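The chain contents come next:
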Amino acid sequence: MDPDLYAELTAWRRHLHAHPELGREEKETSGFVQEKLAELGVPFTAGVGGHGVVATLTRGTSERSVGLRADMDALPILEANDLPYKSGTLNVMHACGHDGHTTALLGAAALLARDEGWSGTVQFVFQPAEEGAGGAQAMLADGVIERFPMERIFALHNWPGLEAGTIAVHRGPVMSEPGRFKITLHGTAGHAALPETTRDPIVAMGHLIVALQTIVSRNVDPMESAVVSIGQVHGGLASNQIPTSVFIEGTFRTFVPAVRERVLARIRAIASHIAATFEMEAEVETVHGLATVNTAPEEALAAAAAEAAGLTLRRDLKASTTGEDFAHFLARLPGAYVWIGNGPVRDGGELHNDRYDFNDAILPAASGWLAAVAKQALSANAPAQRG
C-alpha cells in the first residue's frame, strides 16, 4: 500500500473512532462511508437493512461475484484512553475495532478500484448493528444477497494478542453461538423484619445463581464446549423490604445445536424447580444466534489470500467462545471469517475493554487481505455452492 493511501486510511479510522455510534444509530458513520466511496468513485446503495451500505465494483466480462463485509457500530462503553482521537460521544466507544474494519474495507475498495488484474463483481457490505442488534439479519431480510448477488462472502476481525498483521484461518468453527437469557423470580413482597410473611426472591435467586453453575460442569459432555455466565443481578429498592421480584441476565455460548439445546433445557428446568422449591414462579426468556463456521473451500481461499498478500498465516488457533452475527451470512452463503493480529495487548486493552484501540499499523494488511481474498474467489476454478 502506498504511503498516501495508508495516511488517508489512518485519518479515516481515527475520525470514526472519535465519532462512534451504537447499533441502529449509525447515521453519521454510514454518511462518512458513503462520502469516502463517492471520493473513490465506487458506486453504492445506502439504506440497506437500516444504515447499511453496499458498494459494487464490476470489472471485465466475468459473471463471478464475491462479497466482503465489515461492521460499523460501536459499544456502550466510556472510553478510558487519552488519545487525540478519543471518543467524543459520552459512554460510546469503538471498543471492538469496527472503526478499523470499516476503514479496512474502504481501503480494499480503493485497492481494487486501482487494480486492473481481476474480472467480476465485488460487493462491499458495510453492516450496521453487529453488537447484538441484528444488523446481519436486517440486511438479509432487506434482500442484500438477492439485490447484490455474491457467490461467497468473507470478513475479518482484529485480534489483540496475535502478532500484528498475522492472518489466522480456522478449520470449521471460528466463534460460538451467542445466546442470552433473562430469568425473573416472582415472589411476595413484605417487611424484611417479617420474612415469614413473604416469599423472598432474593434468597431463591442466590440458590438459582449457584445451581446454574452446575450446567457446564455436570450437564455438558467434557469433550464439548459451553459457557454459562451471569452478567447482571437486579432486585430490591430498600434495605428493609423484601421485593416482589428479582431478575438476572446472562449469556450462554455453545458450538453445536445439541449442546445448545441441552444448556437451554437445563436453564429452564433449574429455574422452574428452584422457584417451586421456594413457592414462587419463574419466568425465563432466551434468545440465541448461530455459530460462525467456515466452509472448507473458502477457508482454503482465505489462507491462499494471506499468502498472496505476503502476510504471515496461522492455522493453529482455537475457536473462541465470542460470537459474531456474520454467522447469519455464512448460514446463507459459503464463506470464511478470519482474524487479523492487532499486536500486543497494552494497558488491558482487550476487545470490549475501555482501553482498547485498533492498531492503525495493520490497516495495509487488513485492506490487502480483503482485496486479495476477493481476487482469489473470483479466480477460483468453480463457483461456490452452499452445502
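What counts, and where the lines are drawn
Residues numbered from 1 in each chain as written. Predicted model: local features only at pLDDT ≥ 70, side-chain atom pairs only at ≥ 80, totals over all residues. Heavy atoms only, no water. Helix = DSSP H or I, 4+ residues; strand = E, 2+ residues; numbered from the N terminus. Buried < 20%, exposed > 50% of the residue type's maximum accessible area, 1.4 Å probe, protein only. Contact = heavy atoms within 4.5 Å. Salt bridge = Lys/Arg side-chain N within 4 Å of Asp/Glu carboxyl O. Pairing = 2+ DSSP bridges. Axes fitted to C-alpha atoms, helices over the stretch in contact; angles between N-to-C directions. Parallel < 35°, antiparallel > 145°, perpendicular 65-115°, else oblique. Left-handed = near helix turned anticlockwise from the far one by under 90°. Nonpolar A, V, L, I, M, F, W, Y, C, P; charged D, E, K, R; others polar. Expected span 1.5 Å × (residues − 1). Arc of directions from axis to C-beta. Phe/Tyr/Trp six-rings, centres within 6.5 Å; stacked < 30°, edge-to-face > 60°.

Asks: How would you summarise the side chain of Thr-102 if you had to cite specific residues and measurements?
Replies: Following the sequence through the fold, Thr-102 ends up in helix H3 (residues 98-114). A relative accessible area of 1% means that Thr-102 is categorised as buried. Not counting chain neighbours up to four residues away, the residues in contact with Thr-102 comprise Leu-16, Val-33, Ala-70, Asp-71, Met-72 and Phe-126.

Asks: Break down the pattern of salt bridges for me, with residues and values.
Replies: Under the criterion given, the structure shown has 20 salt bridges. For Asp-325, the salt bridge is made with Arg-69, and the minimal N-O distance between the two is 3.1 Å. Here the residue Asp-325 occupies a position in the loop between strand S15 (313-314) and helix H10 (327-330), and Arg-69 occupies one in strand S3 (residues 65-71), the gap between them amounting to 256 residues. Residue classification places Asp-325 among the buried residues on the basis of a relative accessible area of 8%. Residue Arg-69 is classed as buried on the basis of its relative accessible area, which comes to 2%. The salt bridge partner of Arg-260 is Glu-261, with a shortest N-O separation of 2.7 Å. Glu-261 sits in the partly exposed class, given a relative accessible area of 39%. Residues joined in a network through salt bridges with shared partners are Arg-13, Arg-14, Asp-99, Asp-357 and Asp-360.

Asks: Tell me about the sheet that holds strand S8 (residues 177-186), and name the residues and values.
Replies: Taking strand neighbours across the sheet as the criterion, the four strands line up as S10-S12-S8-S13 in an open arrangement whose pairing is antiparallel. For this open sheet the edge positions go to strand S10 (226-235) and strand S13 (281-288), each flanked by a neighbour on one side alone. Averaged over all pairs of adjacent strands, the angle between their axes in this sheet comes to 15 degrees, without regard to strand direction. In this structure, S10 lies alongside strand S12 (residues 245-254), joined through nine bridges in antiparallel fashion. The residue of S12 that forms the bridge with Val-228 is Phe-252. Relative to S13, helix H8 (residues 257-277) is tilted by about 165 degrees, and along the sheet it contacts S8, S10, S12 and S13.

Asks: Tell me about the packing of helix H2 (residues 27-40) against H3, and name the residues and values.
Replies: Contact pair H2 / H3: the axes reach a minimum separation of 10 Å and the direction vectors enclose 15 degrees. Looking at the two axes, H2 sits roughly parallel to H3. The two elements H2 and H3 cross, and the hand of that crossing is right-handed. For the pair H2 and H3, contact is made by Val-33, Lys-36, Leu-37 and Leu-40 and by Thr-102, Leu-106, Ala-109 and Ala-110, respectively. Taken together, the residues of the contact of H2 with H3 sort by class into six nonpolar, one polar and one charged.

Asks: An account of helix H11 (residues 363-378) is requested, with residue identities and associated values reported.
Replies: The end-to-end C-alpha distance of H11, which contains 16 residues, comes to 23 Å, matching closely the 22 Å that a straight helix rising 1.5 Å per residue would cover. Burial analysis of H11 places 13 of its 16 residues in the buried class, which makes it a mostly covered element.

Asks: Explain H2 to me, and be specific about the residues and the numbers.
Replies: Here H2 is 14 residues long and its end C-alpha atoms lie 20 Å apart, about the 20 Å a rise of 1.5 Å per residue gives. When H2 is considered as a whole, its buried residues turn out to be Thr-29, Ser-30, Phe-32, Val-33, Lys-36 and Leu-37. Along the axis of H2, the buried residues cluster in a sector spanning 160 degrees; they form a single face. The exposed set on the far side of H2, more than 90 degrees from its buried face, consists of Lys-27, Glu-28 and Ala-38. Residues of H2 that are buried sit in contact with helix H1 (3-18), strand S1 (44-48), strand S2 (52-59), H3 and strand S4 (120-127).

Asks: Provide a residue-level description of the packing of aromatic side chains, including the pertinent values.
Replies: Applying the stated criterion to the full structure yields three aromatic pairs. Centroid distance Trp-159 to Trp-339: 3.7 Å. Interplanar angle 5 degrees. Geometry classified as stacked. Linking Trp-159 in strand S5 (residues 153-160) with Trp-339 in strand S16 (residues 335-343), this pair joins segments that are 180 residues apart in sequence. The exposure class assigned to Trp-159 is buried, which follows from its relative accessible area of 16%. A residue is classified by how much of its surface remains accessible, and Trp-339, at 2% relative accessible area, is buried. Judged by centre distance (5.9 Å) and plane angle (35 degrees), the ring pair of Phe-326 and Phe-329 falls under tilted. The same class applies to Phe-326 and to Phe-329, which are both buried. Every member of this aromatic cluster is reached through a ring pair, and the members are Phe-326, Phe-329 and Tyr-337.

Purely spatial values, then, with no claim about function.
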